[in-house]
Amino acid sequence: MSTRKTDTGPDSPSSDALSGEPADSGVQPEGTLTRRSMLARTGATLAGGALLLGGASAQAQADVPGARRPREGSAADTGRRYAKQDWQAPGMPNRDYRPVVVPNGTKLPWKVVDGVKVFHLVAEEVEHELAPGLKALCWGYNGRVHGPTIEVVEGDRFRCYVTNRLPAPTTVHWHGILLPNGMDGVGGLNQKAIAPGETFRYEFTIRQAGTAMYHSHHDEMTQIALGLGGMFVIHPRRPVGPRIDRDFAIMLHEWRIDVGTRRPNPNEMTDFNLLTMNARAFPGTEPLVVRKGERVRIRLGNMSPQDHHPIHLHGYQFRITETDGGRIPEAGQWPETTVLVPVGSTRTIEFVADEPGDWAFHCHMTHHVMNQMGHDFPNMVGVKPGGLDAKVRTLLPGYMTMGQTGMADMGDMGMAVPPNSIPMVGGKGKHDSITMGGMFTVLKVRDQLDGYGDPGWYENPLGTLAVAATGDELRRDGVDVNAPPQVEPGAPENRRRG
Amino acid sequence: MRVHALGLAALLASGCASIQKERGHAEVTSLVEERLGRKTRWNQGRPEDAEVARHLDTLLAEDLTSDRAVEVALLNNPALQGTYEDLGVSQADMVQAGLLSNPTLEGSIGFPISGRGVSEHEFSLVQSFLDLFTLPLRKRVAQEQFVADTLRVAHETLATAAEVRKTFSEVQARQQLVELRRMVLQAAEAAAELTTRLHEAGNITELDLATERAAAEQARLDLAQEELALVEDREHLNRLLGLWGPRTQWTLSAKLPAVPEEEAALEKLESLAIRQRLDIDAARKQSALLWNALELARSTRFFGRVEVGVHTHRDADGPRLFGPTLSLELPIFDQRQSLIARLEAQHRQGERRLQELSINARSEVRAARARLLSLRLVAERYRRVVLPLREKVVEQSQLQYNAMQLGLFQLLAARREQVEAYRAYLEAVRDYWMAHAELERLVGGRLPGSSAGGAEQPQVPAQPAPPETQPGHGQHRDDGTESPHEHTQD
């Protein structure tokens, strides 16, 4: 019998919220949980059935937004404010679902009041660190950018208070969620915007499963660009598909934060210079840690203003199992190594992590794995500076020609740069500097794990690491490194330059 | 000033009968020295002048300073030397005025034509008598004329000194401007070189290459133009200093001094100008002498020609006669009305001219002072605010360059703009010192409390200096009770 991580700790979502993963991660035999889960599920089903059978009870009542009812104070007004809804008892973590892990992120705490899951989002300005050495004044929820991930179960009654502590009105739109029109959160269209200082209530029954998002839908250009959004994960009431061991939620976003400034520029239309996963850019991203053999689900939501992101995973083939429209039937699931996550969409991929190692997981748009790329820098590749440096130094003592061979040295040069800025590329790797930034993180698959913290760099087993070829090897295989490179006939155009 | 004029008059009265060319120049020397602290000298081709030539060479061997340039000009400016000769002319006139008109000896002899009798002869010695009465007054008029001429010459000297100072500042600034143009050229050349390399690497277009090369060529031409301007400014100074040949090889290494921390007290500059300015004093003297001339004419209006003499006469057959003669012009028709009227008009004219000069002097002083303060504000603004900001732009551009956000082109452009700002600053400082010299000229001497140009050299300040209250820009006004050509006694 295999073992897997279970969550036997208290069901308090707030402890999850703080750590981004279950607070007390012990390892228990699978059977224990299964039995518990089964019992819990049975209980829930029974409770649900009881509700359905029992009809309206005070406990199960909730306001129906927009419901027709007599005008307050009129003769027909009976004082009754609640109508019966077809929702089920709250789904509980580790009983009804395995909580998602939010790398670099948090989850929104909740409590059950009269069978309703009650959440509270506070929209406010937040100083957020996008990567070590780069902080910005963003707009977020509950002190976080992006806002904490909301996690519910299909059939839950969801009630969320939204307090606006921003200097501007705002709303919350429940992106991809099926709900009554007046709860959709489009400022002006569906509701009056929440003025600064006001608190609004959103409430509806969750009638779907899958990955959704939430974000401001008032002055979207500004508010989304400043970070007002978060993931909204809905677990199915009954498990669907193969059992999942690790479930990650990652929100993709892009920003314009000019070097030396400390606020994202919401006016930027196309020229974004900071690409993030859960609002962190490499080398600030946390790795995704998985035990070998676990089935992994990664939920990706793209809240970028303008760009789609082809997210590529090394070392595995995965299946795209969900879109934001829900579960893809098994017959329609594609094997891929890259999943395109369009703007305003979510995509979920699943795979079994059967090959240990440190595997890159990143957007394949090359400029999306750069930090604070400067677009006014001339193309210096191939330029021979000759005596230019000395000449310019008489005018500008700190000058040095850069970029003649590309950007890779950028992270290591250690030249003075403006405050609150990070190099375009460069994070520490095991073998060398990793010449990437932005939307880049590492999937770390290990045979053994001590908890789910970063296990450090992968030790490549002997003979499985690319190294410099020895002279003996070259001779053995008849490779002459000084000979002109050869090509097979059939590619006559492919001539070497020079 | 008056004391001087009086002293001068006394001096002249005591010994005006003989011509002493040096006297007037000595007075000019003392007037100039009092105002500039520098001696002037009248070069008259004497052995001592060789000494002066040697002194000139020593002055020019070292680096020229503003004061030294003024000294050279006072010793060597040919126009000034020419002006000094006016003093000789004027003094000759004065000596002339002190001389009595010469007595007239007349003689006649007559021979009998018929053969009868003897020859007759007559001799007379006649001296015009009126001179005895008019001589002192005439002498006074001539003396005043001489004093006025002396003042005028001294004024010319001061004006030349002021122009020397202005031109000196121009040369000084121009040397630095040439240096800056060289830096701009260096920046442009570096940019052009980078473009060439970028083009060789295949990274930029022919258009960019040509644009950047054209900019470098423009910078080269700008430098050539600035260098020509330096030559022209130097030649202007050479003319003022009266230099030619090897003496034009003088050097000037001191940088333009920064605008002084504090402005000299600028109150009562108008009064000071009226009190100090030698051209106003000369006009005042001119007016006075016209008055004296008028007095002279008036006091002699009923005197015609009076000639007194003795004569001896011998008739052919009579005794020898000897006796006095008196010839008296009867002022019946010509009572010098026209002369008096003319002199009256001329005197009024002189008064008006004096008034005009004084009013203009006051106005010019106010305008020059406003210009001085304004240029001072500009220069200070550059030094305290603009230059530190430009410095910061370069510094931050360098950081942005290091972060690969900007290219070398922008970095060099920032440097170029910094240099341009420094150039504008230098021009403001230069204009300040020129305005300073101009104000000194208009006030007729050094400004109160001001010293010769400070030794402090303007640098691109690395840090912004703490803000300082600027001197007021308002105009000082006199109460207007004094007449324009009188100075306030204070």
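Higher on the page you've got the structure.
## Thoughts on the overall build of chain A
Part 1: Across its full length, chain A carries five helices and 27 strands.
Part 2: For chain A, the accessible area works out to roughly 23,500 Å², and carbon and sulfur atoms hold 53% of it.

## Description of the pairing of strand E18 (residues 309–313) of chain A
Residue and element names in this part refer to chain A.
Part 1: Most of E18 sits out of view: five of its five residues are buried.
Part 2: Here E18 shows a buried face lined by His309, Ile311 and Leu313 and a second buried face lined by Pro310 and His312.
Part 3: Inspection of the sheet shows E18 paired to strand E22 (residues 338–341) by four bridges, in the antiparallel sense. By the bridge assignment for E22, His309 is matched with Val341.
Part 4: Pairing of E18 with strand E24 (residues 357–363), which is carried by three bridges, proceeds in the antiparallel orientation. The residue bridging His312 from the neighbouring strand is His362, located in E24.

## Looking at the nonpolar core
Part 1: Of all hydrophobic cores here, the largest spans 76 residues; its most connected members are Leu64(B), Val164(B), Leu237(B), Leu241(B), Trp250(B), Leu269(B) and Leu439(B).
Part 2: Here the element with the most residues in this core is helix H6 (residues 130–200) of chain B; it accounts for 17 residues.
Part 3: What Leu439(B) contacts, discounting residues up to four positions off in sequence, is Leu266(B), Leu269(B), Val365(B), Ala368(B), Arg369(B), Leu372(B) and Leu447(B).
Part 4: One finds Trp139(A), Trp174(A), Leu179(A) and Ala212(A) within the second-largest nonpolar core, a separate group that totals 32 residues.

## With respect to the packing of aromatic side chains
All names here are of chain A.
Part 1: Enumeration over the complete set of coordinates arrives at 17 aromatic pairs over all chains.
Part 2: Measuring from ring centre to ring centre gives 6.0 Å for Trp174 and Tyr214, while their planes differ by 35°; the resulting arrangement is tilted. Placement of Trp174 in strand E10 (residues 173–175) and of Tyr214 in strand E12 (residues 210–215) is noted, with a sequence separation of 40 residues between them.
Part 3: Judged by its relative accessible area of 0%, Trp174 is buried.
Part 4: The structure contains a cluster of three or more aromatic residues connected by ring pairs, namely Trp110, Phe119, Tyr141, Phe158, Trp174, Tyr202, Phe204, Tyr214 and Phe232.
Part 5: Positioned over the ring face of Trp457 is Lys444, at 4.4 Å from the centre of the ring.

## Brief notes about the interface of chain B and chain A
Where interface size is given, it is often the accessible area lost as the parts come together that is meant.
Part 1: In this assembly, 27 residues from chain B lie in contact with 35 residues from chain A.
Part 2: In total, chain B and chain A occlude about 2,700 Å² of area from one another, counting both sides; carbon and sulfur atoms represent 65% of this.
Part 3: In terms of surface lost to chain A, no three residues of chain B exceed Tyr401(B), Met404(B) and Gln405(B), which account for 26% of the buried area on that side.
Part 4: Here chain B is connected to chain A by one salt bridge.
Part 5: In this structure, the connection of chain B to chain A is made through 13 residue pairs in polar contact (both at pLDDT 80 or more).
Part 6: For the side of chain B that touches chain A, the secondary structure elements donating two or more residues are H6, helix H10 (337–402) and helix H11 (408–443) of chain B.
Part 7: With eight residues, the top contributor of residues to the side of chain B that touches chain A is H6(B).

## What about the pairing of strand E19 (residues 318–323) of chain A?
Residue and element names in this part refer to chain A.
Part 1: Both E19 and strand E21 (residues 335–336) contribute to a ladder of two bridges, which runs antiparallel. For Phe318, the partnering residue across the bridge sits in E21 and is Glu336.
Part 2: Relative to strand E23 (residues 346–352), E19 is paired through four bridges, and the arrangement is antiparallel. Its bridge partner lying in E23, Ile320 is registered against Ile349.
Part 3: In the sheet, E19 pairs with strand E20 (residues 326–327) via two bridges, with the strands oriented antiparallel.

## Observations concerning helix H4 (residues 66–76) of chain B
Part 1: Where burial is concerned, most of H4(B) is hidden: nine out of the eleven residues are buried.
Part 2: Among all positions in H4(B), only Asp67(B), Ala69(B), Val70(B), Glu71(B), Val72(B), Ala73(B), Leu74(B), Leu75(B) and Asn76(B) are buried.

## Quick word on the side chain of Arg430(B)
All names here are of chain B.
Part 1: Inspection of the secondary structure puts Arg430 in helix H11.
Part 2: When its relative accessible area of 11% is taken as the criterion, Arg430 is described as buried.
Part 3: Looking at Arg430, its side chain comes within polar contact range of the side chain of Asp431, at 3.2 Å.

## As for the sheet that holds E12(A)
Residue and element names in this part refer to chain A.
Part 1: Pairing is mixed across the open sheet formed by four strands, whose spatial order is E8-E13-E12-E10. Sheet topology places strand E8 (150–153) and E10 at the edges, where each strand pairs with a single neighbour. For this sheet, the mean inter-axis angle between neighbouring strands, taken without regard to orientation, is 25°.
Part 2: Looking at chain direction, E12 and strand E13 (residues 229–235) are connected through six bridges and run antiparallel. Bridge pairing in E13 places Met213 opposite Met231.

Scoring rules and cut-offs
- Residues numbered from 1 in each chain as written.
- Chains lettered and ligands numbered in written order.
- Predicted model: local features only at pLDDT ≥ 70, side-chain atom pairs only at ≥ 80, totals over all residues.
- Heavy atoms only, no water.
- Helix = DSSP H or I, 4+ residues; strand = E, 2+ residues; numbered from the N terminus.
- Areas by Shrake-Rupley, 256 points an atom, 1.4 Å probe, with all protein chains shown as cover.
- Buried < 20%, exposed > 50% of the residue type's maximum accessible area, 1.4 Å probe, protein only.
- Pairing = 2+ DSSP bridges.
- Core = buried A, V, L, I, M, F, W, Y, C linked by side-chain atoms within 4.5 Å.
- Contact = heavy atoms within 4.5 Å.
- Phe/Tyr/Trp six-rings, centres within 6.5 Å; stacked < 30°, edge-to-face > 60°.
- Lys NZ or Arg CZ within 6 Å of the ring centre and 35° of its normal.
- Buried area = accessible area lost by both parts, 1.4 Å probe.
- Salt bridge = Lys/Arg side-chain N within 4 Å of Asp/Glu carboxyl O.
- Polar contact = N/O pair within 3.5 Å; in protein donor to acceptor, adjacent residues only side chain to side chain.
- Axes fitted to C-alpha atoms, helices over the stretch in contact; angles between N-to-C directions.

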